[in-house]
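# Chains, contacts and geometry: an overview
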2 protein chains.
Amino acid sequence: MTEDGQGLPLADRLARRIRALLIAGELSPGQRLSEAAFSERFDVSRNSLREAFRLLTKDGLLRHEANRGVFVAVPTMASVIDIYRVRRMLECAALRQAWHQHAAIGAMRDAVAEGRERRDAGDWTGVGSANMTFHAAIIDLADSTRISEFYERISAELRLCFGLLKDPAHLHAPFVDMNGEIVTLLEQNKREEAAAQLDAYLNLAERTMLKTLERASEPS
Amino acid sequence: MTEDGQGLPLADRLARRIRALLIAGELSPGQRLSEAAFSERFDVSRNSLREAFRLLTKDGLLRHEANRGVFVAVPTMASVIDIYRVRRMLECAALRQAWHQHAAIGAMRDAVAEGRERRDAGDWTGVGSANMTFHAAIIDLADSTRISEFYERISAELRLCFGLLKDPAHLHAPFVDMNGEIVTLLEQNKREEAAAQLDAYLNLAERTMLKTLERASEPS
DNA sequence: AAGGAATGATTGTTGAACAATATTGATGTT
DNA sequence: AACATCAATATTGTTCAACAATCATTCCTT
């Protein structure tokens, strides 16, 4: 049950579908999304489509140029740096103030287990999903719907960056065990250590991401 | 120069105007915003108006009920608690990791001075604005456009809550001097103390807000 | 080959139309 | 008078067609 969002307005459902395309990497960064083509493709009116475009633009997944149309956002060094700055702030703060019996800790441990299974099975995109789940669970420690919503937006933007990588394996695989350490520290209520560990984790991930981005944009 | 946003799409400009009405308290919480009435009022088409409504709904300022229309969001205990949780997380984290020569510190000091002037002049709404400026400057310490944008959204939602108060003076006035202490601590690079002070500040503000909200909703 | 006007395509915005749903009001029953 | 039923009405949800404004391209002139 993918929870199709039957009751929701058309524009919201449309935005979901397009977002799915974006994070699945089926639309390349910088590509222009023609209103005519997409309203044809999804069999909706141009007006409804425009509403969806506007929502995705607000989420940072699309860029809107006046009188020129909407384009798939292209990740830049600046955006990657900003995204990881957000992640360090939010995730570390969530860990630091976590209640040591919070339900999300269970979700974190489950995500780690899932990640290990997938890694051992060689299912790299599965490892990626498990990793995303893990970090979403960290955010849930903060018990704030607004923070969680915001993180989802950031998360989608980050997945757009992942689309640039040729080899997603190297990005996520080494982090599975670090996730394990973090949740172990948290279970022992060593929140400060957990946060420090996560901070190191995120710095490493950021450097990896930036290096890959550099390599992907230099030889153009 | 209110920076009218000439080049921006109509929907964005509309959203701004309506947002301004909302935070100015000219639309009461729970009120239904008829598409016909508003498209008439702003002299735009229903389609354009609907785009603007969708933007504001995503910002949490409006609520959208299927086939019933959009309503001005009504602040609840839950939303106030969540908003202050976000503020504690973001603002305290920003203080903790602030670079002690960051330009935003100057902006903070200026906002404090402005707040004192306005308070002494008895200009309470001016005190409120200066206070908002002060906290936006704290967020700017984090140097993240995404966080700043997110905080703006939270800030607008909070102003919607302020609209419920009969006596805005009591809410902001006592905080001017606390702001002063915070910026002083920060100038001495006592970031941890500044964060602790802000945390206490926000707890106090939250309690005040909740009490007022209770008083405003109980005797209905 | 450079500049510039004419052409064509796309976006920006509107107005009207109609289906689907919600609200209101009238009607009739108890 | 209170209540359910159902038609009438108003509002939202969505589409479509139109046109102005702007961008992109082509072709012509020099």
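Residues numbered from 1 in each chain as written. Chains lettered and ligands numbered in written order. Predicted model: local features only at pLDDT ≥ 70, side-chain atom pairs only at ≥ 80, totals over all residues. Heavy atoms only, no water.

Looking up chain A in an unreviewed UniProt entry gives the name GntR family transcriptional regulator, with the organism given as Shinella oryzae.

Right, let's get into the protein's contact with DNA strand C. Close contacts around DNA strand C come from 20 residues, with Arg32(A), Arg50(A), Asn47(B), Ser48(B) and Arg68(B) the closest. Atoms of DNA strand C within 4 Å of the protein: sugar and phosphate make up 73%, bases the balance. Here a phosphate oxygen of DNA strand C and a backbone polar atom of Asn67(A) are 3.2 Å apart. Between Ser45(B) and DNA strand C, the recorded distance is 3.1 Å, taken from a side-chain N or O atom to a phosphate oxygen. Looking at the surface near DNA strand C, the elements that each hand over two or more residues are helix H3 (46-58) of chain A together with helix H1 (10-23) and helix H3 (46-58) of chain B. (Near = heavy atom within 4 Å. Polar contact = N/O pair within 3.5 Å; in protein donor to acceptor, adjacent residues only side chain to side chain. Helix = DSSP H or I, 4+ residues; strand = E, 2+ residues; numbered from the N terminus.)

Moving on to the relation of the copies chain A and chain B. Superposing chain A onto chain B takes a rotation of 180° plus a shift of 0.0 Å along the axis, which leaves an RMSD of 0.0 Å. With respect to symmetry, the two chain copies, as superposed, fit the operation of a two-fold axis. Within chain A, the C-alpha atom positioned nearest to the axis of rotation is that of Glu51(A), 2.8 Å from it. Here 97% of the contact residues of chain A are again contact residues in chain B; the copies associate through an equivalent surface. (Least-squares fit on C-alpha atoms with pLDDT ≥ 70 in both. Contact = heavy atoms within 4.5 Å.)

Each partner contributes to the interface: chain A provides 34 residues, whereas chain B provides 33 residues. Overall, the association of chain A and chain B removes approximately 2,800 Å² of surface from exposure, summing both partners, and the carbon and sulfur fraction of that is 57%. Contact with chain B buries surface across chain A, with Arg54(A), Met89(A) and Arg146(A) losing the most and accounting together for 27% of the total. In this assembly, chain A and chain B are joined by 14 salt bridges. The partner of Glu157(B) in a salt bridge is Arg146(A), and the shortest N-O contact between them spans 2.5 Å. Taken together, chain A and chain B are joined by 14 residue pairs in polar contact (both at pLDDT 80 or more). For the side of chain A that touches chain B, the elements supplying multiple residues, two or more each, are helix H1 (10-23), H3, helix H4 (77-96) and helix H7 (145-162) of chain A. (Buried area = accessible area lost by both parts, 1.4 Å probe. Salt bridge = Lys/Arg side-chain N within 4 Å of Asp/Glu carboxyl O.)

Turning next to H4(A). Helix length check: H4(A) (20 residues) gives 28 Å between terminal C-alpha atoms against 28 Å at 1.5 Å per residue, within 8%. H4(A) sits mainly inside the fold: 15 of its 20 residues count as buried. (Expected span 1.5 Å × (residues − 1). Buried < 20%, exposed > 50% of the residue type's maximum accessible area, 1.4 Å probe, protein only.)

Further remarks concern the nonpolar core. Leu95(A), Met108(A), Leu95(B) and Met108(B) are the most contacted members of the largest nonpolar core, which totals 94 residues. Residue contacts for Leu95(A): discarding those within four places in its chain leaves Met108(A), Ile138(A), Leu141(A), Ile182(A), Leu186(A), Arg191(A), Ala194(A), Ala195(A) and Leu198(A). (Core = buried A, V, L, I, M, F, W, Y, C linked by side-chain atoms within 4.5 Å.)

In the Ramachandran plot, Asn189(A) falls in the positive-phi region, its phi being about 60° despite a non-glycine side chain. The residue Asn189(A) is located in the loop between helix H9 (175-187) and helix H10 (191-217) in this model. Take Asn189(A): its relative accessible area is 34%, and that puts it in the partly exposed class. Phi at Asp143(B) is positive, roughly 55°, even though this residue is not glycine.

Once that is clear, we can look at the UniProt feature "domain: HTH gntR-type" (unreviewed entry) in chain A. Listed under "domain: HTH gntR-type" (unreviewed entry) in the UniProt record, and renumbered for this structure, are residues 8-75 of chain A. The span residues 8-75 of chain A carries 51% helix and 15% strand; its end-to-end C-alpha distance comes to 30 Å. (UniProt positions renumbered as here; feature names shortened; annotations may be inferred.)

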